[in-house]
Amino acid sequence: MDIRVTGLTKSYGISPALHGIDLDIKSGELLGLLGPSGSGKTTLLRIIAGLEQPSTGTVFFGTDDTSRLSVQERRVGFVFQHYALFRHMSVADNVAYGLRVRPRGKRPAEAEIVKRVADLLELVQLGAYGQRFPAQLSGGQRQRVALARALAVEPKVLLLDEPFGALDAKVRKDLRSWLRTIHDKTGHTTIFVTHDQDEALELSDRIAVLDKGRIDQLGVPDEIYDHPATPFIFGFIGESSRVPVTLTGGRIQFEGTTLPFNAEGLPDGPATLFVRPHDVAPVEPASGTLNGVVVAQRRVGATRRLEVALGAQRTIVEADLPALRAGETNKPVGLKLLNATVFAANGEVRYFRGPNIDPVVVRPPAFQRA
Ligand code: ADP
Ligand code: MG
């Protein structure tokens, strides 16, 4: 089921929560809706579900304008962050609930319900847990039951609002790849809301990045990570340092040093350079490197991360070294930028891949379901 959202706005009182959202979700796609707290993710999801009315705009399921459909008629499966299982019902009865409350004519026979529940519990790897009660399950198991319950009614669309938000990091990570496997098996059109960029990058076919009620960028994970459209997205996705620079006739300057990137066409004036720690190589200070002093270092997984203070403002740039190489604190160092991105004051952007090469923009293929 394709979903199309056009011109959607939502205001609570005078403060707008969503500004003109346009979004096309393809049938079978897993779309990650990523944004900080308060950016409007839950509001957008609740409008798509029919739990909330938009101020303006329309949601289509296929060619159907959903404003004419009730919540039941939309046939959406919903899973929330705080699992809302019925405490007094067994796991199997929880999963069966949505089917048993259907009016007589639309309710499957009891034997059919029992079979469907057993299949779903098998799918979420809880085949042996049907007779337990929610209190006897771990948080991760409860969310798997919540997903089975959402799938039981054969939804056209699956909406997941930070379903793993309340779980600890290890469980979240396991459930992430598990959810991707389930999605690939069942093929539901799914919208997955998260404020966790790793979760969005790993799970999604495409990601919509929401900021202050607007979609700032929509793209496949590679596109979002490698070509963030705005300074906000660059800062929000992955790790990065920002360096205030000056553009003059296509040259990028930082306190007297000219960087080896060609920024012709960008307007002169102040600009912001972004670099990721793994794209910064500490070398002997030289012309064209950003020169500074190592002020701190710490171990981050497989690498050793250096904090380098640059210039009079002591702008901090982070750089990764192999962990076995000790970076010496207080040592002068040059930073060679392997990749970098510059945003001019007017929002125009250049992505640089390697020193002395002109910017390239690689557009990964759009989402295609096999
Ligand atoms: P997110 O899910 O991204 O954290 P929400 O969609 O919950 O964001 O909220 C977006 C904005 O709308 C926030 O500023 C929030 O305070 C506001 N908001 C959400 N629900 C209501 C409501 N029922 N009444 C008033 N304001 C609301
Ligand atoms: Mg929310």
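Residues numbered from 1 in each chain as written. Chains lettered and ligands numbered in written order. Predicted model: local features only at pLDDT ≥ 70, side-chain atom pairs only at ≥ 80, totals over all residues. Heavy atoms only, no water.

Looking at ligand 1, the residues that line it are Tyr12, Ala17, Pro36, Ser37, Gly38, Ser39, Gly40, Lys41, Thr42 and Thr43. With respect to ligand 1, the backbone of Gly40 contributes an N or O atom lying 3.0 Å from an oxygen atom. Thr43 is positioned with one of its side-chain polar atoms (N or O) 2.6 Å from an oxygen atom of ligand 1. For ligand 1, the protein covers 54% of the area, taking 570 Å² as the surface of the free molecule. Looking at the shell around ligand 1 element by element, the count peaks at three residues for helix 1 (residues 41-49). In terms of residue class, the shell around ligand 1 is made up of three nonpolar, six polar and one charged. (Near = heavy atom within 4 Å. Polar contact = N/O pair within 3.5 Å; in protein donor to acceptor, adjacent residues only side chain to side chain. Areas by Shrake-Rupley, 256 points an atom, 1.4 Å probe, with all protein chains shown as cover. Helix = DSSP H or I, 4+ residues; strand = E, 2+ residues; numbered from the N terminus. Nonpolar A, V, L, I, M, F, W, Y, C, P; charged D, E, K, R; others polar.)

This paragraph deals with the pairing of strand 4 (residues 56-61). Sheet topology places strand 1 (residues 3-12) next to strand 4; five bridges connect them, and they run antiparallel. The residue of strand 4 that forms the bridge with Arg4 is Phe60. Relative to strand 5 (residues 64-65), strand 4 runs antiparallel, the two sharing two bridges. Residue pairing across strands places Phe60 opposite Asp65, the latter belonging to strand 5. Remark: two residues form the turn of the hairpin made by strand 4 and strand 5, two consecutive strands paired antiparallel; Gly62 in that turn has positive phi of roughly 60 degrees. (Pairing = 2+ DSSP bridges.)

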